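# Close look at the chain arrangement
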Amino acid sequence: MADIRNNFVGIKSPNPFWLASAPPTDKAYNVIRAFKAGWGGVVWKTLGEEGPPVVNVNGPRYGAIWGADRRLLGLNNIELITDRDLFLNLREIKQVKKDWPDRAIVVSLMVPCVEESWKAILPLVEETEADGIELNFGCPHGMSERGMGSAVGQVPEYIEMVVRWCKQNTRMPVITKLTPNITDIRKPARAAFAGGTDAVSLINTINSITGVDLDSFAPMPTIDGKGSHGGYCGPAVKPIAMNMVAEIARDSETRGLPISGIGGITTWRDAAEFMALGAGNVQVCTAAMTYGFKIVQEMIEGLKNWMDAKGHASLDDIVGRATPNVTDWQYLNLNYVAKARIDQDACIKCGRCHIACEDTSHQAITSMVDGVRHFEVIEAECVGCNLCVNVCPVENCITMEPLAAGVMDQRTGQPVSPVYFNWTQHPNNPMAKAAAE
Ligand SMILES: Cc1cc2nc3c(=O)[nH]c(=O)nc-3n(C[C@H](O)[C@H](O)[C@H](O)COP(=O)(O)O)c2cc1C
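For every chain, the first residue of the written sequence is number 1, and numbering continues from 1 along that sequence. Reporting of local features is limited, given that this is a predicted model, to residues whose pLDDT is at least 70; pairs of side-chain atoms are given and counted only at 80 or more, and all residues count toward the totals for whole chains, interfaces and linings. Just so you know, side-chain values use all the structure's heavy atoms and leave hydrogens and water out.

### A few points about the packing of helix H7 (residues 238-249) against helix H8 (residues 268-276)
A packed helix pair is summarised by two numbers, namely the angle formed by the two axes and the spacing between the axes. In this analysis, axes come from line fits to C-alpha atoms, helices being fitted only over the stretch in contact, and the angle between any two N-to-C directions falls in the range 0 to 180 degrees. Secondary structure elements are taken from DSSP: a helix is a run of H or I of four residues or more, a strand is a run of E of two residues or more, and numbering for both begins at the N terminus. Between H7 and H8, the shortest axis-to-axis distance is 9 Å and the interhelical angle comes to 25 degrees. The angle between H7 and H8 places the two elements in the roughly parallel class. Across the interface between the two elements, Lys 238, Ala 241, Met 242 and Val 245 of H7 pack against Asp 270, Glu 273 and Phe 274 of H8. Under this grouping Gly is polar, as are all residues other than the nonpolar Ala, Val, Leu, Ile, Met, Phe, Trp, Tyr, Cys and Pro and the charged Asp, Glu, Lys and Arg. Across the contact of H7 with H8, the residue classes tally to four nonpolar, no polar and three charged. Geometric relationships in this document are graded by angle, where less than 35 degrees denotes roughly parallel, more than 145 denotes roughly antiparallel, 65 to 115 denotes roughly perpendicular, and other angles denote oblique. The contact criterion used is simple: two residues touch if any of their non-hydrogen atoms lie within 4.5 Å.

### Digging into the pattern of salt bridges
A pair can form between side chains of opposite charge whenever their charged atoms are brought close. A carboxyl oxygen of Asp or Glu within 4 Å of a side-chain nitrogen of Lys or Arg is what we treat as a salt bridge. Counting across every chain of the model gives 19 salt bridges. A salt bridge links Arg 250 to Asp 328, with the nearest nitrogen and oxygen atoms 2.8 Å apart. Placement of the pair is Arg 250 in the loop between H7 and strand S15 (259-262) and Asp 328 in the loop between helix H10 (295-310) and strand S17 (337-342), with a sequence separation of 78 residues. A 1.4 Å probe rolled over the protein chains alone gives each residue an accessible area, and that area as a share of the maximum for its type sets the label: buried under 20%, exposed over 50%, partly exposed in between. Relative accessible area serves as the criterion here: at 34%, Asp 328 is assigned to the partly exposed category. Because the salt bridges share partners, they merge into one network encompassing Lys 45, Arg 61 and Glu 79.

### Considerations on the site of the ligand
Taken together, 22 residues form the shell around the ligand, and within it Ser 21, Thr 46, Lys 177, Gly 264 and Thr 286 come nearest. Polar contacts, as used here, are pairs of N or O atoms within 3.5 Å; protein pairs need one atom able to donate a hydrogen and one able to accept it. Residues neighboring in sequence count only if both atoms are side-chain atoms. Between an oxygen atom of the ligand and a main-chain N or O atom of Ser 21, the distance comes to 2.7 Å. Here an oxygen atom of the ligand and a backbone polar atom of Cys 285 are 3.0 Å apart. With residues, only the protein chains shown are counted as cover, and all accessible areas are computed by Shrake-Rupley using a 1.4 Å probe. Relative to its unbound accessible area of 610 Å², the ligand is 98% covered by the protein chains. Only protein atoms enter the calculation, which uses a 1 Å grid: trapped sets of points that fit a 1.4 Å probe without letting it out are cavities, open sets showing protein on both sides within 12 Å along at least five of seven lines are pockets, and any residue with an atom within 4 Å of a point is a lining residue. For a cavity or pocket, the test is whether more than half of a molecule's atoms lie within 2 Å of its grid points; if they do, the molecule sits there. Structurally, the ligand is housed in the largest cavity. Split into classes, the residues belonging to the shell around the ligand amount to nine nonpolar, ten polar and three charged. A single heavy atom is enough: if one lies within 4 Å of a molecule or strand, its residue is considered near that molecule or strand.

### Section: the packing of aromatic side chains
Here the aromatic set is Phe, Tyr and Trp, taking the six-membered ring for Trp, and pairing holds for ring centres within 6.5 Å; pairs whose planes are under 30 degrees apart are stacked, those over 60 apart are edge-to-face, and all others are tilted. For the coordinates displayed, the defined rule picks out three aromatic pairs. Between Phe 35 and Trp 100, the ring centres sit 5.6 Å apart and the planes meet at 50 degrees, which makes this aromatic pair tilted. One end of the pair, Phe 35, is in helix H1 (residues 28-37); the other, Trp 100, is in the loop between helix H2 (86-99) and strand S7 (104-109), with 65 residues separating them in the sequence. The buried category is assigned to Phe 35, whose relative accessible area is 1%. Two limits define a charge over a ring: the Lys NZ or Arg CZ must be within 6 Å of the ring centre, and within 35 degrees of the ring normal. Across the ring face of Trp 66, the terminal group of Arg 70 is positioned such that the distance to the ring centre comes to 4.1 Å.

### Focus: the sheet that holds strand S11 (residues 206-208)
Think of it this way: DSSP has to see at least two bridges between two strands before they count as a pair. What the four strands build is an open sheet, ordered S5-S6-S14-S11; its pairing is antiparallel. Where the open sheet ends on each side, the last strands, each with one partner, are strand S5 (62-66) and S11. When the angles between neighbouring strand axes are averaged without regard to direction, this sheet yields 35 degrees. Here strand S6 (residues 72-77) pairs with strand S14 (residues 230-233) via three bridges, running antiparallel. Each residue of the ladder has a partner; that of Asn 76, found in S14, is Tyr 232.

The quantities given are spatial measurements derived from coordinates; they are silent on function.
Written out as structure tokens, the structure reads:
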């Protein structure tokens, strides 16, 4: 059977599934239950410096977006870092690590952006024998207003400085957790790399308002008539997170920098996709909060079964396999032609494909043929955009069929000829023009 043991920056765990720093990892009770369920590691809920306790709101701290079947798609929170005593957390971490030596325990940290604060907390964490630290530069609410979290993560110079302090003051591997609330994710990753980080993890949550109560006119979750932006996570953020992981994985300035992938991971397939894009392991929060710790069992079995079926012996066989296939638009093959086909046996004749195509796109799907309701692709008009596939409620009813080279393009009546390999060489590309002159 496939070997899914994970070695991430020297931190070993029996599988690549770690719980992300959040309520599921806030105390020994939870972490022990998680380890019993099979999680390979945890990033302990973010600890702050010694001092007055962090105080959370005493009302709703979550907002949500649901699908039509009430399945949770996106979760938003206004929670702060741990509000439990620092030394109680440290004692629990030490005990759990002692009792579960084969599991990874990484401690998430967020202290003020001064060297003394980092110097003070690092030895305390080292003493627990935890496997590493994760720097929380991502929290978008509550802590950022105090000059921590994403307030640091949005300034590459601060990231580099804090990572360097940590590398100079601890022997533990340093994982730098990035905020997605930034325009170009490569900038903070490069800064962390320059500071000497052992890895980056991403994404933390995305600034968001999930709803507005139209009676009180207050954003939700509402605390005594007011609301604040919160951090968005869950399945809805997965595409954003995967793009950011891929952006870093293929950046020549940080090539080889290990990545821990986070954001919306709910199934083994999600995890495999993140790893294929370059993540060395994955972290999960919302899925565990929605379905409980045992979902890891499906993740483990699913990943192993898929790897066995495909002949992948270990995680090294899959990590980064999709990265070279992520490219910039100009390198896409403009000679590739695919057109939609509707399986008439599977079609339920709802007409969504026709309306979408007729109203908003290319008028390439019939609605009536010989006076009968009938939905069929008009090949000459179809540009292969894929909208019909995405709006069709029946899976695999509409498929995209690639046309072989040499096939006639029915719109132009000309053969699909391989004249231009890609946009780089296309005569309308100003760069290609300049190069040719
Ligand atoms: C309620 C809640 C609290 C969180 N607290 C922290 C935290 O203390 N430190 C941190 O680095 N990330 C925190 N996160 C972010 C998660 O670790 C993770 O980055 C994010 O939720 C995306 O993963 P997901 O889509 O699997 O939930 C929190 C998330 C949630 C939902």
